[in-house]
Amino acid sequence: MQAYRASLLHFHADPAFRDDAHHWHEDGLLLVDEGRVVAAGDYDALHATLPQGTPLHDYSGKLITPGFIDTHVHYPQTDMIASPAPGLLPWLDTYTFPTERQFADPAHAARTAEFFLDELLRCGTTTAMVYCTVHAASVDALFAAAGQRQLRMVAGKVLMDRHCPEWLRDTAETGARDSEALIRRWHNKGRALYAITPRFAPTSSEAQLRLAGELATAWPDTFVQSHVSENADECRWVRELFPQARSYLDVYERCGLLRPRAVYGHCIWLDDADRARMAATGAAAAVCPTSNLFLGSGLFDFAQADRAGMRVALATDVGGGTSFSMLQTMNEAYKVARLTGSYLPALRMFYLATLGAARAMGLEGTIGGFAPGTEADFIVLDPQATPLLQRRTSHCASLEELLFALALLGDDRAVAATYAAGNRVHVRDAA
Ligand code: GUN
Ligand code: ZN
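What you are looking at is a predicted structure, and each value in this text was computed from that prediction instead of being measured.

## Thoughts on the overall build of the protein chain
What the protein chain contains, in helices and strands, is 16 helices and 16 strands. For 431 residues, the compact-globule estimate of 2.2 N^0.38 gives 22 Å, and the C-alpha radius of gyration of the protein chain, at 21 Å, lies within 12% of that figure. Principal-axis analysis of the C-alpha atoms gives the protein chain an extent of 65 × 45 × 35 Å. Of all 431 residues assigned to the protein chain, the portion counted as buried reaches 61%. Within the protein chain, residue pairs in contact and separated by at least 24 positions form 74% of the contacts whose partners lie at least 6 positions apart. Accessible surface, the protein chain as shown: approximately 15,700 Å² in total, 51% of it carbon and sulfur. Here the protein chain carries 38 positive and 50 negative side-chain charges, and the mean point of each set is 2 Å from the other.

Here you go:
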């Protein structure tokens with residue numbers, strides 16, 4: 001057993017719908033054994049229960065929360081973050097496809113996977129839903145590197161059989177066959193979980209989407225991930241390609257791709273009927289504010305999503321996103337909410353990046369919280385990480401103000417340490 005002393009924050013409900021959704025222990029203790037949480041509570045109450053000789057790690061003055069969960073990110077796009085283009089479709093053609101071509105080389109994939117995972121850990125992200133490339137070996141590289149770090153990662157091979165360069169194409173049949181082989185090789189092996197990953201409707205034939213849907217039905221505890229309703233030009237293109245569908249989202253529903261554990265990136269241009277279908281089927285939205293502002297895609301409507309009862313979580317969408325940091329993602333999410341007339345308290349944003357994401361993915365009880373038995377993925381946040389953070393957080397009148405300052409002013413520098421399955425996998429100030 002290991003014990004960690006710090007302020008503790010975690011959730012048991014969504015603060016948008018309940019005032020008592022969070023647990024806050026100003027002087028707290030987190031107990032971890034064999035990679036799982038044993039207890040989280042007040043230091044005074046818990047330290048007397050510790051077996052003699054239990055190591056105590058003193059992070060007093062810092063804040064421990066569950067590790068962040070990034071519900072939509074492209075590891076092959078690490079090297080093309082911050083690449084300029086006038087919108088999504090030219091950005092895909094100019095940067096994305098040539099960059100992803102390099103993953104035909106497994107050694108390149110392995111090197112990039114290592115850097116990517118270490119960057120996530122530096123930012124306090126312990127689980128992500130990851131797009132690989134069309135190459136099956138790009139999935140092997142990601143899961144191999146995640147396994148070495150004992151990380152809970154969800155990832156899948158991109159399916160893409162049209163409207164992209166010929167050198168990045170699979171076919172409906174080879175894509176489904178390769179995906180099934182990867183499911184058998186990786187899904188539920190250690191902490192790895194597989195996501196069936198049609199890139200988006202324009203780059204998959206209907207036959208490919210149907211086979212992906214059949215696979216999703218045959219393997220109900222796998223994940224599904226794709227993009228939907230991100231950009232106006234993209235939405236127009238989907239209407240031309242699938243004139244029989246009621247909407248862009250309906251293209252996926254007709255193919256059996258809306259279900260629990262299906263996570264759709266962006267969801268900006270959904271209508272009310274779409275939102276109702278998301279809520280009814282248990283599919284979730286991965287909201288990507290840094291990407292949506294960067295590419296000029298649009299503003300996610302948090303209030304409408306909440307009204308419909310949709311599952312929502314936050315995501316970076318790197319390389320479309322401009323930061324790996326979920327704190328910086330909260331910063332931009334807050335402003336997007338303001339621009340659409342709604343308001344996102346910091347408490348809600350921390351929920352959306354932890355337990356809310358775990359719920360969106362059907363992984364509550366596994367990750368995202370400190371209920372006993374949950375996997376011990378947690379981070380140590382430093383309210384004094386920079387001179388400005390130190391100055392601002394020295395006079396916070398409430399927990400909300402403290403979390404808000406961390407979200408608005410924090411980034412990788414605010415993450416003093418990251419733990420996965422109870423092991424320390426990142427430390428900021430290594431001696
Ligand atoms: N739509 C299809 N592919 C992509 C991608 O790689 N990034 C983003 N942001 N949108 C997409
Ligand atoms: Zn994306």
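## What about the pattern of salt bridges?
Enumeration according to the criterion identifies 28 salt bridges in this entry. Residues R152 and E375 are paired through a salt bridge, measuring 2.8 Å at the closest nitrogen-oxygen approach. One end of the pair, R152, is in the loop between α4 (136–148) and β7 (153–156); the other, E375, is in the loop between α14 (355–360) and β14 (378–381), and 223 residues separate them in sequence. Of the charged contacts in the structure, one is a salt bridge between R191 and E375, with a shortest N-O distance of 2.5 Å. Remark: E375 occurs in the loop between α14 and β14 and R191 occurs in the loop between α5 (172–186) and β9 (192–198); sequence separation between them is 184 residues. Look at R191 and you get buried, because its relative accessible area is 13%. The network of salt bridges with shared partners includes R152, R191, E375 and D377.

## Thoughts on the pairing of β14
Burial along β14 is two-sided: the face carrying F378 and V380 and the face carrying I379 and L381 are both buried. Sheet analysis places strand β4 (residues 56–66) next to β14, joined by 4 bridges and oriented antiparallel. By the bridge assignment for β14, T65 is matched with I379. Here β14 runs beside strand β15 (residues 415–420); their pairing, made up of 4 bridges, is antiparallel. Within β15, the position partnered with V380 by the bridge is A417.

## Observations regarding a nonpolar patch on the surface
On the surface, a nonpolar cluster with roughly 260 Å² of combined accessible area is contributed by L293, L299 and L339. Mapped onto the elements, L293 comes out in helix α10 (residues 289–294). Residue classification places L293 among the partly exposed positions, given a relative accessible area of 35%.

## Section: the site of ligand 1
Neighbouring ligand 1 are the residues H74, Q77, L88, W91, L92, R199, F200, H227, E230, H266 and D317. The contact in question runs from an oxygen atom of ligand 1 to an N or O atom on the side chain of R199, over 2.7 Å. Contact between ligand 1 and E230: a nitrogen atom at 2.7 Å from a side-chain N or O atom of the residue. Sorting elements by how many residues they give to the shell around ligand 1 places helix α2 (residues 88–101) first, with 3 residues.

## As for the coordination of the zinc ion (ligand 2)
For the zinc ion (ligand 2), the full set of protein donor atoms is H72 (NE2), H74 (NE2), H227 (NE2) and D317 (OD), at a range of 2.1 to 2.2 Å. Here the zinc ion (ligand 2) binds 4 donor atoms, and the angle range of 92 to 165° at the metal identifies the geometry as irregular. Read from N- to C-terminus, the donor residues coordinating the zinc ion (ligand 2) fall into the pattern H-x1-H-x152-H-x89-D. Of this pair, H227 sits in strand β10 (residues 223–228) while D317 sits in the loop between β13 (311–314) and α12 (326–339), placing them 90 residues apart in sequence. By relative accessible area, which is 4% here, D317 ends up buried.

## What about the pairing of β10?
In terms of residue burial, β10 counts as a mostly covered element, since 6 of its 6 residues are buried. Burial along β10 is two-sided: the residues F223, Q225 and H227 and V224, S226 and V228 are all buried. Pairing of β9 with β10 involves 2 bridges; the strand directions are parallel. Directly across from I196, in β10, lies its bridge partner V224. The parallel pair β9 and β10 is bridged by helix α6 (residues 206–218), and the resulting crossover is right-handed.

## Quick notes on the nonpolar core
Among the nonpolar cores identified, the biggest contains 107 residues, and Y75, L142, Y252, Y264, F302 and F350 are the most heavily contacted of them. Looking at this core element by element, the count peaks at 7 residues for α12. Contacts of L142, omitting those with residues within four sequence positions, involve Y75, A113, F116, L117, V130, C132 and A155. Listed in part, the 18 residues of the second largest apolar core include M129, V263, M361 and L363.

## Some details on the UniProt feature "domain: Amidohydrolase-related" (unreviewed entry) in the protein chain
In the numbering used here, UniProt assigns the feature "domain: Amidohydrolase-related" (unreviewed entry) to residues 64–425. Here residues 64–425 is 43% helix and 17% strand, with 15 Å between the C-alpha atoms at its ends.

## Quick look at the packing of aromatic side chains
By the definition in use, this model includes 14 aromatic pairs. Centroid distance Y252 to Y264: 5.0 Å. Interplanar angle 35°. Geometry classified as tilted. Of this pair, Y252 sits in helix α8 (residues 248–254) while Y264 sits in strand β11 (residues 262–266), and the two are 12 residues apart along the sequence. The two residues Y252 and Y264 agree in class, both being buried. Summarising the aromatic geometry, the rings of Y334 and F404 are spaced 4.8 Å apart at their centres and angled 70° between planes, so their arrangement reads as edge-to-face. Of this pair, Y334 sits in helix α12 while F404 sits in helix α16 (residues 399–409); the two residues are 70 residues apart in sequence, bridging distant segments of the chain. A relative accessible area of 25% places F404 in the partly exposed class. By the ring-pair criterion, three or more aromatic residues cluster together here, those being Y75, F103, F116 and F324.

Reading guide: rules and limits
- Residues numbered from 1 in each chain as written.
- Chains lettered and ligands numbered in written order.
- Predicted model: local features only at pLDDT ≥ 70, side-chain atom pairs only at ≥ 80, totals over all residues.
- Heavy atoms only, no water.
- Helix = DSSP H or I, 4+ residues; strand = E, 2+ residues; numbered from the N terminus.
- Rg over C-alpha atoms; globule rule 2.2 N^0.38 Å.
- Buried < 20%, exposed > 50% of the residue type's maximum accessible area, 1.4 Å probe, protein only.
- Contact = heavy atoms within 4.5 Å.
- Areas by Shrake-Rupley, 256 points an atom, 1.4 Å probe, with all protein chains shown as cover.
- Lys, Arg positive; Asp, Glu negative; His and termini not counted.
- Charge placed at Lys NZ, Arg CZ, Asp CG, Glu CD.
- Salt bridge = Lys/Arg side-chain N within 4 Å of Asp/Glu carboxyl O.
- Pairing = 2+ DSSP bridges.
- Patch = residues over 30% accessible without salt bridge, like charges linked within 9 Å, V, L, I, M, F, W, Y side chains within 5 Å.
- Near = heavy atom within 4 Å.
- Polar contact = N/O pair within 3.5 Å; in protein donor to acceptor, adjacent residues only side chain to side chain.
- Donors = N, O, S within 2.8 Å, 3.2 Å for Na, K, Ca; no water.
- Tetrahedral: all angles 85-135°; square planar, octahedral: opposite > 155°, others 65-115°.
- Right-handed = clockwise from strand over helix to strand, strands pointing away.
- Core = buried A, V, L, I, M, F, W, Y, C linked by side-chain atoms within 4.5 Å.
- UniProt positions renumbered as here; feature names shortened; annotations may be inferred.
- Phe/Tyr/Trp six-rings, centres within 6.5 Å; stacked < 30°, edge-to-face > 60°.

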